[in-house]
Amino acid sequence: MKTKELEILKLTSDVVFKAFMMSKHTNALKARLIHLITGIDENLLLKAEYQSTELPVRNKRDKIYQTDIVVKVDHCILNIEMNAEYYPEFKIKNSEYLHVIASELYETGEKYDHRCVIQINIDDFDAYGLNELIYEFRLMEMRHHIIEDENYRSYHINLSKIENSCYTNNENELVNILRIFKATNEEELDCLRGEGYMDEAIDEIRRICREQNIIGVYNAEKVANKVMNNRLDYAERQGYEKGHSAGYHSGEEVGVEKGKIEEKVEIARNMLEDAMPDETIMRILNITQEQLEQYKQTFYTSH
């Protein structure tokens, strides 16, 4: 009798990605992955410190930044973000992470020339439409391509590229690692075995997929995303129709935005009723802790 295949929770999910990246059993794979992207010494990366953190704010009006993974290694700080879905503001959000991290470093006593900040975005889409596996960004003089500051770098990894079959020789190993993030079943994972770091990481994915608390949040995250997307689509249509009927033309986006906010409040209430973690709610809805607290106050006073 054939045994039932274990469900593979997608690594593009926020909760699964963090569990995978924070596990010591994936350190060798992470070191290899980051080395292939950035060129940082792999031996140093094996000793790196991985954190999932909330960056500090200077006053209560500032936005709270929930990072995916922050890595401290030698003279570098890396912020690694998983971007599962495209939305227009995601580049701005990740750029803000980069600057907030840099600002925090320098304010805590780091020398300007002794610390670099690197942003690695793992995108489950092609953010720039050029079918490249890696997009690398620097501060650069445009005409002569002179790099202004080596201490700032940003990478976008295009996961949709690995679905194609044409790679250069030096991309093959990186593509093989990235396939882990796109695997949907055990058979796909087992086909990636061979290297020791791959075997250990695949075994860890199996373990993560058996954790009931992770499965619960993962399922809630999927449902919440689906509900939110459906409701926001409806809100956009309603906002457009209301704005159009009220005589808006270029200003009809006012009705759209109002509809989006109202829907986010309602979705947050549903998530709170389901006892979802605050961090998950904030990330799914892309809201701050202060906004969530306002939603909570409204929710609890009405019950």
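Residues numbered from 1 in each chain as written. Predicted model: local features only at pLDDT ≥ 70, side-chain atom pairs only at ≥ 80, totals over all residues. Heavy atoms only, no water.

Draft legend 1. Molecular detail of the pairing of strand β8 (residues 146-158). In terms of strand pairing, strand β6 (residues 116-123) meets β8 through seven bridges, oriented parallel. Residue pairing in the sheet places D123 in a bridge with N158 of β8. In this structure, strand β7 (residues 134-141) lies alongside β8, joined through seven bridges in antiparallel fashion. Along β8, the bridge assignment pairs F137 with S154. (Pairing = 2+ DSSP bridges. Helix = DSSP H or I, 4+ residues; strand = E, 2+ residues; numbered from the N terminus.)

Draft legend 2. Representation of the pairing of β6. With eight of its eight residues buried, β6 lies for the most part within the structure. Where burial is concerned, the two faces of β6 agree: the one with C116, I118, I120 and I122 and the one with V117, Q119, N121 and D123 are both buried. When strand β5 (residues 76-83) meets β6, the two strands line up parallel, connected through eight bridges. For I80, the partnering residue across the bridge sits in β6 and is I120. (Buried < 20%, exposed > 50% of the residue type's maximum accessible area, 1.4 Å probe, protein only.)

Draft legend 3. Fine view of the pattern of salt bridges. Inspection of the entire model under this criterion finds twelve salt bridges. With a closest N to O distance of 2.9 Å, R206 and D190 form a salt bridge. One end of the pair, R206, is in helix α7 (residues 196-208); the other, D190, is in helix α6 (residues 186-190), with 16 residues separating them in the sequence. With a closest N to O distance of 2.9 Å, R193 and D203 form a salt bridge. On the criterion of sequence distance, the pair formed by R193 in the loop between α6 and α7 and D203 in helix α7 is long-range, its members being ten residues apart. When its relative accessible area of 32% is taken as the criterion, R193 is described as partly exposed. (Salt bridge = Lys/Arg side-chain N within 4 Å of Asp/Glu carboxyl O.)

Draft legend 4. Region of the structure containing the nonpolar core. Ranked by size, the top nonpolar core spans 54 residues in total, and within it F20, L78, I80, I120, L178, I180 and F181 carry the most contacts. The contacts of F20, once residues within four sequence positions are left out, are L11, T26, L29, K30, I180, F181, A201, I205 and I208. In terms of nonpolar packing, the next biggest core, distinct from the first, is built from twelve residues, V265, L272, L285 and Y295 among them. (Core = buried A, V, L, I, M, F, W, Y, C linked by side-chain atoms within 4.5 Å. Contact = heavy atoms within 4.5 Å.)

Draft legend 5. Structural view of the state of the cysteines. Within this structure, the stated rule accounts for one disulfide. Bridging C76 to C116, the disulfide has an S-S length of 2.4 Å. Between C76 and C116 the sulfur-sulfur dihedral comes to about 85 degrees; the bridge is accordingly right-handed. On the criterion of sequence distance, the pair formed by C76 in strand β5 and C116 in strand β6 is long-range, its members being 40 residues apart. On the basis of relative accessible area, C116 is assigned to the buried category, the value being 3%. (Disulfide = S-S within 2.5 Å.)

Draft legend 6. Highlighting the packing of aromatic side chains. Applying the stated criterion across every chain yields a total of five aromatic pairs. Seen from their ring centres, F20 and F181 are 6.0 Å apart, and the 75 degrees between their planes marks the pair as edge-to-face. With a gap of 161 residues between them, F20 in helix α1 (residues 14-22) and F181 in helix α5 (residues 172-182) connect regions that are remote in the sequence. For the pair F20 and F181, one class covers both residues: buried. Judged by centre distance (5.6 Å) and plane angle (85 degrees), the rings of Y86 and F125 are edge-to-face. Remark: F125 occurs in the loop between β6 and β7 and Y86 occurs in the loop between β5 and α4 (90-107); sequence separation between them is 39 residues. By the ring-pair criterion, three or more aromatic residues cluster together here, those being F17, F20 and F181. The ring of Y50 carries K30 above its face, with NZ or CZ at 4.0 Å from the centroid. (Phe/Tyr/Trp six-rings, centres within 6.5 Å; stacked < 30°, edge-to-face > 60°. Lys NZ or Arg CZ within 6 Å of the ring centre and 35° of its normal.)

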